Every structure is written in C-alpha cells, then in structure tokens.
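# Observations on the three-dimensional arrangement
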Amino acid sequence: MFDSILIPTDGSEHATRAAEHGAALARAFGASLHVLAVIDTRTAGGPFSGGELEDETLDRMTADAEETITAITDAVDVPEAIQTSIREGNPADEIHTYRDDHDVDLIAMGTHGRTGVDRYVAGSVTENVVRQADVPVLTVRATDRSRDTAPYDDILVPTDGSAPAAAAVEPACEIAAQFDARVHALNVVNLGDIATGSEYTLPKDLIDTLESQGEKETERIATRARESGVETVTQVVSGFPAPEILDYAVENDIDLIAMGTTGRTGLNRFLMGSTTERLIRHAEMPVLAVNARDQHVDES
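Reading the values: rules and limits
- Residues numbered from 1 in each chain as written.
- Predicted model: local features only at pLDDT ≥ 70, side-chain atom pairs only at ≥ 80, totals over all residues.
- Heavy atoms only, no water.
- Helix = DSSP H or I, 4+ residues; strand = E, 2+ residues; numbered from the N terminus.
- Buried < 20%, exposed > 50% of the residue type's maximum accessible area, 1.4 Å probe, protein only.
- Contact = heavy atoms within 4.5 Å.
- Areas by Shrake-Rupley, 256 points an atom, 1.4 Å probe, with all protein chains shown as cover.
- Patch = residues over 30% accessible without salt bridge, like charges linked within 9 Å, V, L, I, M, F, W, Y side chains within 5 Å.
- Salt bridge = Lys/Arg side-chain N within 4 Å of Asp/Glu carboxyl O.
- Lys, Arg positive; Asp, Glu negative; His and termini not counted.
- Charge placed at Lys NZ, Arg CZ, Asp CG, Glu CD.
- Polar contact = N/O pair within 3.5 Å; in protein donor to acceptor, adjacent residues only side chain to side chain.
- Phe/Tyr/Trp six-rings, centres within 6.5 Å; stacked < 30°, edge-to-face > 60°.
- pLDDT = per-residue confidence, 0-100.
- Pairing = 2+ DSSP bridges.
- Axes fitted to C-alpha atoms, helices over the stretch in contact; angles between N-to-C directions.
- Parallel < 35°, antiparallel > 145°, perpendicular 65-115°, else oblique.
- Left-handed = near helix turned anticlockwise from the far one by under 90°.

Glancing now at the overall build of the protein. Across its full length, the protein holds ten helices and ten strands. Classification of the 300 residues of the protein by burial places 51% in the buried group. Here the analysis covers contacts within the protein between residues at least 6 apart in sequence; of these, 79% occur between residues at least 24 apart. Counting every atom, the protein has about 14,100 Å² of accessible surface; 44% of that belongs to carbon and sulfur.

Below you can see the structure in the form of structure tokens.
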C-alpha cells in the first residue's frame, strides 16, 4: 500500500519522532523515503518585510535546513532508498506540491499539539496538511508513549459508521498485517448528538438501537481485518467521541490510532473531522489521518 513515504521536518523533536515512525513504516513496506525541509519565506524576512530574502539570510537558512535533514538521517534508521530535498515557500503548499511531484503514498509529520494563537507553526502546518492531503498523514507528538516505533502491537480504528471513518480501515489493516498487530474496532454512541438537555433521560430502547448499530459497524471492520489474518477486538461505548477514544487508547496500550477525516474546515465540517483534529492535538500515540474528501467508500 505504501511505496513512497514523505517526512517533512522542521528540526523539532516532534519531527524527529515522526521520522522514526515514518522510517519504521518504510522498512516494513519496503518503501522509499523522502525527507523534506522547507524554508518558510513568509516569516524568514520578518512579518512586515514584504520583500525577498537577502542572499546572506537565505544562505544561512539553507545551511540550517541542510543540518536539519542531516540530523534526521543520522538519528533515524533510514532505509537505503532515501531522497532529501530543500524547498522555499509556504511549508504546507510545498509539502503538497512535493507529494504530487513524487507520487507520495504517506506523509509522516510531527505536531506540537497546541491550540490557540500561541501554538507553534509546525502544529498549524500539520493540520493544514491533514485537511488537504489526499494521502494518509501520520501525525506524531514527541511523548513517552510515541517512543516505541516498531512493532505496532495494537491499532485502534474508531468508527461512527460514516464513509470518512471507513476510509481508515484499509490502511489500518494493511499496517496491522505488516506488524502482526491486533486491530481494535471502537464505536462511540455519541450522547452529544442525541441528548437534548441535561435533565433529559435517553430511552433505553434508543440506546440499545444505537449500540446494536455500533456493533454492526465494528464487526464490519473486524471482518475486514480478519481477511488480512489480523486478530481483532470490538467494543461499543457511550459518551463523547474524542475523550472516549483517548481513554480507550490509554487503557488498552494502543500504539497507533487510525481515523478518517473529511478534510473540511469551518462550521460545516463533519464531526469525524473535528474529532480527528482533537486526537491529533492530544493523543499520546501517533494518529493516522485518512482524508476521505475525494474517496468513494463502499458502506454496504
């Protein structure tokens, strides 16, 4: 499934950790590896400069980018097939362009997980790539839980029964098969969608119906995983998606979460999209985001 993997790096600890996971996947799939550093010309000359970079500044930043790439290739057990590159421009735009130019199948990026106006640029760049990329994006924060890069023993696939959620099933099963990992299919009966007030008690028959639907959705994932010879676990819980998924991941020692996202932004994006972004910001383990914006997933 993954023949070519791209690792954009900004020299941060998070980017290095993402590179470790990206290299592990490259070795598992026999994929070529691309390491990319982008000189951000939007900010390099100062926020109010509005002009081109001076040669001395550009030379210094190019040297820094070269050191960043060297640090990655020295620190990570990279496969033999590796290509490095330095580009100038808007980081997110250059990552997308590089992906198109080199037919990349997976992007592995670090993210700082911060929210609000004080978050690092790398965090916002990663979210932009997740929203716009038409290939899976592996996001990684440098945490104690993300230190183990191989093998993945337990992979979590949350589902709400939608096409975006289903888009993550295939790559999750492919990765699980390569690492002989167990797939956990989890459905969260979203109480936020069906409760109308704090004093409103949900009818038991409604909860039972939703849980039954959730069991069918998780079993669909389990069936696909078994076709790959992968051990499976299914679970249906009630609550609010993001915290329930995070709690399940911690309690079950999950190594990787694979989720679909619609890639939409603003108020009209689907819940699965916003849930995925919350997990990217807060999960202790890597999150594989699979954009279903342009995919046609069979939900039969």
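Right, let's get into a negative patch on the surface. Negative charge collects at one region of the surface, where Glu54, Asp55, Glu56 and Asp59 lie side by side. Summarising the element assignment, aspartate 55 is placed in helix 2 (residues 55-75).

Once that is clear, we can look at the side chain of aspartate 105. Inspection of the secondary structure puts aspartate 105 in the loop between helix 3 (91-102) and strand 4 (106-110). Here aspartate 105 occupies a buried position and makes no salt bridge, while the nearest side chain of opposite charge, arginine 99, is found at 5.6 Å. Side-chain polar atoms of aspartate 105 contact the backbone nitrogen of aspartate 3, separated by 2.8 Å. Contact partners of aspartate 105, with chain neighbours within four places excluded, come to Met1, Phe2, Asp3, Ser4, Val135 and Pro136.

Before going further, it helps to spend a moment on the packing of aromatic side chains. Within this structure, the stated rule accounts for two aromatic pairs. Ring geometry for phenylalanine 2 versus phenylalanine 29: centroids 5.0 Å apart, planes at 75°, classification edge-to-face. Pair noted here: phenylalanine 2 is in the segment before strand 1 (4-8) and phenylalanine 29 is in helix 1 (residues 13-29), with a separation of 27 residues, a long-range link. Grouping residues by exposure puts phenylalanine 2 and phenylalanine 29 together as buried. A ring pair is formed by tyrosine 152 and phenylalanine 179, whose centres lie 5.0 Å apart and whose planes are at 55°; its orientation type is tilted. Taken together, the residues span a long stretch of sequence, with tyrosine 152 in the loop between strand 5 (137-140) and strand 6 (154-159) and phenylalanine 179 in helix 6 (residues 169-179) at a distance of 27 residues.

Time to look at the confidence of the model for the protein. Of all residues in the protein, 82% have pLDDT values of 70 or greater, and the mean over the chain is 83. In the predicted structure, residues 46-50 sits below a pLDDT of 50 and forms zero contacts with residues beyond four places in sequence or in another chain. Within the model, pLDDT remains below 50 along residues 296-300, and this stretch shows eight contacts once partners closer than five positions in the same chain are excluded.

To continue, consider the pairing of strand 7 (residues 182-190). Taken across its nine residues, strand 7 has eight buried, putting it largely inside the fold. The pairing of strand 6 with strand 7 spans six bridges and is parallel. Residue pairing for strand 7: leucine 156 is matched across the bridge by histidine 184. Bridge count for strand 7 against strand 8 (residues 232-239) is eight bridges, and the pairing is parallel. For valine 183, the partnering residue across the bridge sits in strand 8 and is threonine 232.

Running from amino to carboxyl end, helix 6 crosses helix 8 (residues 204-227) at an angle of 40°, the nearest separation of the two axes being 9 Å. Judged by the inter-axis angle, helix 6 sits oblique to helix 8. Two packed elements cross with a definite hand, and for helix 6 against helix 8 that hand is right-handed. Where helix 6 approaches helix 8, its residues Val169, Glu170, Cys173 and Glu174 are matched on the opposing element by Ile221, Arg224 and Ala225.

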